[in-house]
Amino acid sequence: MGNQELDIYRKINEFENKSDLFKYCFKNTGIPMWLFIRTFLVFKAVRADEPHTHSKKNVNVKNRLFDEVIKENPFLELHKDIVYAFWTYEILKIDVDGHSNDTTIMPFMQENLRKSVALMNGKISDGIKLKREYPSLKSDFFFRNYLKKSTVPQEDVVSIKSIIHYIEMRFPWKIDNQIKKTMHEILMGCSKYLDILIKRFSLYLGIIRPKLVIVSCANYIDLYGAALIIACKKRKIVTAEIQHAWIGKKHLQYYFSDYIISDPKCRMVFPDYLLTMGKYWNQQIKVPEKLYTVGCKKTIIRNVVQKDSILFAASTDHERYFLFLSAFLSNPVSEGVTVYFRQHPMWKNTVKYASLNKYSNFIFADERDLDYYMSICKYVIADGSTVCYEALYAKKIVFCFKGPTTDLFDISSFSDVKLFEDLSDFLRLWMDREGYIPQRHEDLFELDYKNRYRRFMNMCGCRLKQ
C-alpha cells in the first residue's frame, strides 16, 4: 500500500507541474482555477472520500437570525489585533469549569483574548450557547449569506469549460460526469462570488484593523478562505494557519508542486505562515508559506505508572481490533497485562466490544482524557493514527498494525515502532518487550507554545499585555 500511496502523489505532482494547467484563471482576480477544485478532485476522483471544506450555508438560519444579526454581528465588533476565521461551533467542547473551549485555537486565543475575535460558522447547541464565556466569538453569517450574485464573465465561462476538458483528458484518474458537474458548480460559484467576498472582507478588515488573521485549514483552498487571504494581502495584514493535526508528504493539502509554490498568482490564496507543532513537521511538508514552529498545547506525561499496561487506540477497523483483542485476552500471555481500550470519538462502536468486559484486565478508556491513559501506560497499540506521534514523544513503546493507515501517516518510517500483521506476529514482538528502549523524539512537539506564540504575535505587531 505504501508504494501505491507514493505513486498517487507522484502522479498528481507531475500533473500539476505542467504550466498549461494554470493558464485558466478567473478574469477579475487572475487566480488560477485549478486551486479551487484541487482538494475536491483529489478526494473524489482518487480517494472517493468527502473533502474537508467550509460549507456555504449556516444551519437553522431562522432560529439563529437574532444572534447572527445582533449579538454575533462581526461588523459591530471593535478594533482587534487578531482574527481567527472559519472555525465551527461543532468543535467547541464544555471544559471542566463549564466553559466552551476549542483545543485548536482557544489556547492561542487566550494569550491575547481581549484583542482577539473569532469568526465562527454553524449552529450553536443550547448547552454551549448558555455557558459560552467568549463574547468575541462572532458569526460569519454576513459573509456566507445575502451575497449579491454577479454575472459570470464570458471569459470565465469559456475557461471553466476548457479547464474541465483539460482535466478530463489529462488527469491520471477517470473523471465521471458527476465529478465534472461538481467542478463546474464550484468554479462558477467562485466566479460569481470571489470578487464580491474579497470586497466584503476588505470592508470588515477596515473596521477591525487586525495585525494578524489566522485562517482555519487555509491550505485546503476554498472560496471563503481564499477571499479573506487575498483581502488581507491587499491590506498588508499578516495571515497564517495553525497546524491542527497530522501533515506530511502524503497529505496533498500540505505537499504542493514546485509550480504552485513558485507562482505569484497561486501564492495569493495561501497564508504567509504555517504555524507548526514541532520542527519535525517542517521537514515533512512542501508548502508556499513560511514555516514557523509555534508548538501546541498538550499534556504529555512521561512517567510510567504501571509496568505491563497497554493503551489500545482504535480507529475504524473494528472487526480487526475485536478479533485481535479477543485472541490476545484469551491467551495466557495476557495474564497480568491491563489493556485500556480507547476508541476514536468519531468512530465509536462500543457494542462491538461489549463481550470483552468478561476479561478483568480489559477496561474501556473513555472516562478520562487521552493524556491520562497515555501517562499510565508503558505500551501503545494503534494502526498508525496521530496517537502514535504523541506516544513516541511521550517515550512509550509503540506497536502498530501494518496497513494503509500506518503507511499514510508515515509511522513505518520510525525505526523504533514495532510493526505487526496479526496476533502471532505481535506476540513474537511482545515477548521481547523488556529489551526495547524508547528513543527521543523531541522534535515532534514544542510544548512551550505560550512563549513561542507571543513571540510570533509580537513579530506581527500585536499589542501584548505584559
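Scope of this entry: the structure provided in the associated data block. Here the residue index of a chain counts from 1 through its sequence in written order. Reporting in this predicted model follows two pLDDT cut-offs: at least 70 for local features of residues, and 80 or more for side-chain atom pairs to be given and counted; totals over whole chains, interfaces and linings ignore these cut-offs and use all residues. The side-chain quantities take in all heavy atoms of the structure and omit both hydrogens and water.

### A look at the packing of helix H8 (residues 177–208) against helix H9 (residues 223–234)
Move 1: The axes are straight lines fitted to the C-alpha atoms, using for helices just the contacting stretch, and the angles between their N-to-C directions are given from 0 to 180°. Numbering goes from the N terminus for both helices and strands, where a helix is a DSSP run of H or I of at least four residues and a strand is a run of E of at least two. Where H8 contacts H9, the axes come no closer than 8 Å and their chain directions differ by 45°. Judged by the inter-axis angle, H8 sits oblique to H9. For H8 against H9, the interelement crossing comes out right-handed. Together, Gly189, Cys190, Tyr193, Leu194, Leu197, Ile198, Phe201, Ser202 and Leu205 of H8 and Leu223, Tyr224, Ala227, Leu228, Ile230, Ala231, Cys232 and Lys234 of H9 make up the contact between the two elements.
Move 2: Of the residues that constitute the contact of H8 with H9, the class distribution is 14 nonpolar, 2 polar and 1 charged. Here roughly perpendicular refers to angles of 65 to 115 degrees, roughly parallel to angles under 35, roughly antiparallel to angles over 145, and oblique to all remaining angles. Two helices that cross are described as forming a left-handed crossing if the nearer one is turned anticlockwise from the farther one by less than a right angle, and a right-handed crossing if clockwise. By definition in these notes, contact holds between two residues if any of their heavy atoms fall within 4.5 Å. Lys, Arg, Asp and Glu make up the charged group, whereas Ala, Val, Leu, Ile, Met, Phe, Trp, Tyr, Cys and Pro make up the nonpolar group; the residues left over, Gly among them, are polar.

### Quick notes on helix H18 (residues 423–430)
Move 1: Only protein chains enter the calculation, and the probe is 1.4 Å; a residue is then buried if its accessible area is under 20% of its type maximum, exposed if over 50%, and partly exposed in between. In terms of burial, H18 is largely enclosed, as 6 of its 8 residues are buried.
Move 2: Residues Leu423, Asp425, Phe426, Leu427, Leu429 and Trp430 constitute the buried set of H18.
Move 3: Lining the buried residues of H18 we find strand E10 (309–314), helix H13 (318–329), strand E13 (379–382), strand E14 (397–401) and strand E15 (418–420).

### Examining the sheet that holds E13
Where strands meet in a sheet, backbone hydrogen bonds hold them as pairs that are either parallel or antiparallel.
Move 1: Across the sheet, which stays open at both edges, the 6 strands sit in the order E12-E11-E10-E13-E14-E15 with parallel pairing between neighbours. Whereas interior strands pair on both sides, the edge strands pair on one side only; in this sheet they are strand E12 (362–364) and E15. On average, each strand axis in the sheet is inclined to that of its neighbour by 20°, with strand direction left out of account.
Move 2: Of the strands in this sheet, E10, E13, E14 and E15 touch H18, which is tilted by about 155° from E15. Pairs of strands are assigned from DSSP output, requiring at least two bridges between the strands.

### Considerations on the sheet that holds strand E8 (residues 273–276)
Move 1: A sheet is described by the order of its strands in space; here 7 strands give the open sequence E5-E4-E1-E6-E7-E8-E9, paired in parallel fashion. One side of each edge strand has no neighbouring strand; the edge strands of this open sheet are strand E5 (137–139) and strand E9 (290–293). Averaged over all adjacent pairs, the angle separating strand axes in this sheet is 30°, with direction ignored.
Move 2: In this structure, strand E1 (residues 82–88) lies alongside strand E4 (residues 116–121), joined through 6 bridges in parallel fashion. Considered in E4, the bridge of Ala85 is made with Leu119.
Move 3: Along the sheet, H8 makes contact with E1, E4 and strand E6 (212–215), crossing E1 at roughly 135°.

### Notes on the packing of H13 against H18
The relative placement of two packed helices is expressed as an angle between their axes plus a distance between the axes.
Move 1: Contact geometry for H13 and H18: axes closest at 10 Å, N-to-C directions at 50°. The angle between the axes of H13 and H18 places the two elements in the oblique class. For H13 against H18, the interelement crossing comes out right-handed. Of H18, the residues touching H13 (which contributes Phe324, Ala327 and Phe328) are Leu423, Phe426 and Leu427.
Move 2: Here the residues of the contact of H13 with H18 sort into 6 nonpolar, no polar and no charged.

### Section: the nonpolar core
Across soluble globular proteins, you tend to see nonpolar side chains buried next to one another.
Move 1: For this analysis, a nonpolar core means a set of buried residues of the types Ala, Val, Leu, Ile, Met, Phe, Trp, Tyr and Cys, connected via side-chain atoms within 4.5 Å. Among the nonpolar cores identified, the biggest contains 108 residues, and Trp34, Phe36 and Ile167 are the most heavily contacted of them.
Move 2: Per-element accounting of this core gives the leading share, 14 residues, to H8.
Move 3: Apart from residues no more than four positions distant in its own chain, Phe36 is found in contact with Phe26, Ile31, Ile186, Leu187, Cys190, Leu194, Ile221, Asp222, Leu223, Ala226 and Val269.
Move 4: Formed by 29 residues, the second largest nonpolar core is a distinct cluster that contains Tyr353, Phe364, Phe401 and Phe426.

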